[in-house]
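Chain residues, written in single-letter form:
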Amino acid sequence: MNGKKIPAIVDEFDDFQSATLSIIGNFQTEPLNPIEEAKSYQRLLDKYDLTQIKLANYLGKTQSYISAKLSLLRVSLEIQDYVISQKLTQNHARTLLSLDESQQKQLAQTIMEDNLTVEQSRQLVKDFLDHPQQATNLYSKAKKNVQLKTARNLKVPINTIKKTINLVEQTGTKVRYEEFEDSGNYKIVIELDKG
C-alpha cells in the first residue's frame, strides 16, 4: 500500500434498512413484476410490524400505491399468475377483488378473450354481481357489437393509448378514462389525479 487514504462514507444499516435497500436495488437493476413487488412489501410489513404509511414514506411511494400493490395478493393464485405472465394487467386483476375464486377465473377468461379495458372489466364485474347468470354473455355480445363499429385501422393506436395508461397507473398515479364513439370519431378522455 502506498499510504494514500481514500475518502469513504460508511453507513451501518439495520435489518429493515438493508431489506428496503435491497428492494429498491432490485427495482433499479431488474424491475420486479407486480406480484413480486407486492410480496416484498408484505414481507416488510409483517417482519417489521409497519403500517403502510410508514413503509410508503420510507420507500418514497404513496400509501395508495402500496395499498394497490398489496391488493393484488387478495386475488386467487391463478389470477396472480395471469398478472405475472402479463395476460392480465394488475389493474384488470384488481377489478376482480370482489369475486370468489371461481368467479374470478370465469370473468378473467372473458376479460382476456374479449381484450376488455379496465373500465369495461369493472362494468363486467358490476353486471356479473347484479345478474350472475347473464352478465358475461350479454357483456361479450355488447362489446363485440361496439368493436365491429370501430374501424380496424384504429385498433393499434387505441391499444397503444391503453398500454400507456396502464404504464402511468403502475407509477402510482390514479388515471380515469372513458372511451366512446361520437359522430364517427372514437374518443378517449383521460383524467390524471394530481394528488
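Residues numbered from 1 in each chain as written. Predicted model: local features only at pLDDT ≥ 70, side-chain atom pairs only at ≥ 80, totals over all residues. Heavy atoms only, no water.

Student: How do you make sense of the overall build of the protein chain when you look at a structure like this?
Tutor: Scanning the protein chain from N- to C-terminus turns up ten helices and two strands. Ordered by position in the sequence, the α and β elements of the protein chain form the string α-α-α-α-α-α-α-α-α-α-β-β. Counting over 195 residues, the protein chain shows a buried share of 32%. Considering only residue pairs separated by 6 or more positions, the protein chain has 50% of its internal contacts joining residues 24 or more positions apart. (Helix = DSSP H or I, 4+ residues; strand = E, 2+ residues; numbered from the N terminus. Buried < 20%, exposed > 50% of the residue type's maximum accessible area, 1.4 Å probe, protein only. Contact = heavy atoms within 4.5 Å.)

Student: Is there a simple way to think about the environment of leucine 96 in this case?
Tutor: Looking at where leucine 96 falls in the secondary structure, it is placed in the loop between helix H6 (90–94) and helix H7 (101–114). Classification of leucine 96 by relative accessible area gives buried; the value is 0%. Each C-alpha atom, one on leucine 96 and one on leucine 107, is 7.8 Å from the other, the two residues being eleven residues apart in sequence. Excluding its chain neighbours within four sequence positions, the residues that come into contact with leucine 96 are Ile79, Leu88, Gln104, Leu107, Ala108, Ile111 and Val125.

Student: What am I meant to see in the packing of helix H2 (residues 34–48) against helix H4 (residues 63–71) here?
Tutor: How two helices pack is summed up by the angle between their axes together with the distance between the axes. Where H2 contacts H4, the axes come no closer than 8 Å and their chain directions differ by 110 degrees. Considering the angle they form, H2 stands roughly perpendicular to H4. On H4, the residues touching Pro34, Glu37, Ala38, Tyr41, Gln42 and Leu45 of H2 are Tyr65, Ile66, Lys69 and Leu70. For the contact of H2 with H4, a count of residues per class yields seven nonpolar, one polar and two charged. (Axes fitted to C-alpha atoms, helices over the stretch in contact; angles between N-to-C directions. Parallel < 35°, antiparallel > 145°, perpendicular 65-115°, else oblique. Nonpolar A, V, L, I, M, F, W, Y, C, P; charged D, E, K, R; others polar.)

Student: Please clarify how a negative patch on the surface should be interpreted in this entry.
Tutor: A contiguous patch of negative charge, built from Glu78, Asp81, Asp100 and Glu101, is present on the exposed surface. Secondary-structure assignment places glutamate 101 in helix H7. (Patch = residues over 30% accessible without salt bridge, like charges linked within 9 Å, V, L, I, M, F, W, Y side chains within 5 Å. Areas by Shrake-Rupley, 256 points an atom, 1.4 Å probe, with all protein chains shown as cover. Salt bridge = Lys/Arg side-chain N within 4 Å of Asp/Glu carboxyl O. Lys, Arg positive; Asp, Glu negative; His and termini not counted. Charge placed at Lys NZ, Arg CZ, Asp CG, Glu CD.)

Student: Whenever I open this one, the confidence of the model for the protein chain confuses me. Can you help?
Tutor: Segments scoring low in pLDDT should not have their predicted coordinates read at a detailed level. Taken over all residues, the pLDDT of the protein chain has a mean of 79, while the share at 70 or more is 72%. Predicted confidence in the protein chain is weakest over helix H9 (residues 135–149), with a mean pLDDT of 53, and strongest over helix H5 (residues 77–84), with 97. (pLDDT = per-residue confidence, 0-100.)

Student: Would you mind showing me how to read unusual backbone geometry here?
Tutor: Where the residue is not glycine, phi is negative for most of them; where a peptide bond is considered, it is trans in most cases. Of note, aspartate 49 is a non-glycine position whose phi angle comes to about 50 degrees, a positive value. Structurally, the position occupied by aspartate 49 is in the loop between H2 and helix H3 (52–59). Here aspartate 49 falls in the exposed class, since its relative accessible area comes to 71%. Phi is positive for glutamine 86, which is not a glycine, with a value near 65 degrees.

Student: What is the right way to read helix H10 (residues 155–170) from this model?
Tutor: Since there are 3.6 residues in each turn of an α-helix, residues three or four apart along the chain are aligned in direction. The end-to-end C-alpha distance of H10 is 23 Å, a good match for the 22 Å that 16 residues give at a rise of 1.5 Å each. Downstream of H10 by a residue or two, glycine 172 has a phi angle that is positive, lying close to 100 degrees. (Expected span 1.5 Å × (residues − 1).)

Student: Help me understand the packing of H7 against helix H8 (residues 118–130) in this model?
Tutor: Two elements in contact, H7 and H8, have axes separated by 11 Å at closest approach and are oriented at 135 degrees. Classified by the angle their axes make, H7 and H8 are oblique. Here the hand of the crossing between H7 and H8 comes out right-handed. Of the residues in H8, those touching H7 at Gln103, Gln106, Leu107, Thr110 and Ile111 are Ser121, Leu124, Val125 and Phe128. Looking at side-chain class alone, the contact of H7 with H8 contains five nonpolar, four polar and no charged residues. (Left-handed = near helix turned anticlockwise from the far one by under 90°.)

Student: So what exactly am I meant to see when it comes to the pattern of salt bridges here?
Tutor: Between side chains of opposite charge, pairing is possible as soon as their charged atoms come close. Taken as a whole and assessed by the stated rule, the structure comprises four salt bridges. Across the salt bridge formed by arginine 176 and glutamate 191, the nearest N and O atoms sit 3.5 Å from each other. Linking arginine 176 in strand E1 (residues 175–182) with glutamate 191 in strand E2 (residues 185–192), this pair joins segments that are 15 residues apart in sequence. Relative accessible area serves as the criterion here: at 45%, arginine 176 is assigned to the partly exposed category. Taking the relative accessible area as the measure of exposure, glutamate 191 reaches 40% and is therefore partly exposed.

Student: Just to check I follow, could you spell out the environment of leucine 72 for this structure?
Tutor: Tracing the backbone shows leucine 72 in the loop between H4 and H5. On the basis of relative accessibility, which here comes to 0%, the residue leucine 72 falls in the buried class. Counting along the chain gives 38 residues from leucine 72 to proline 34, while the straight-line C-alpha distance between them is 7.9 Å. If we skip the residues at most four places from it in the chain, leucine 72 touches Pro34, Ile35, Gln80, Gln90, Ala93 and Arg94.

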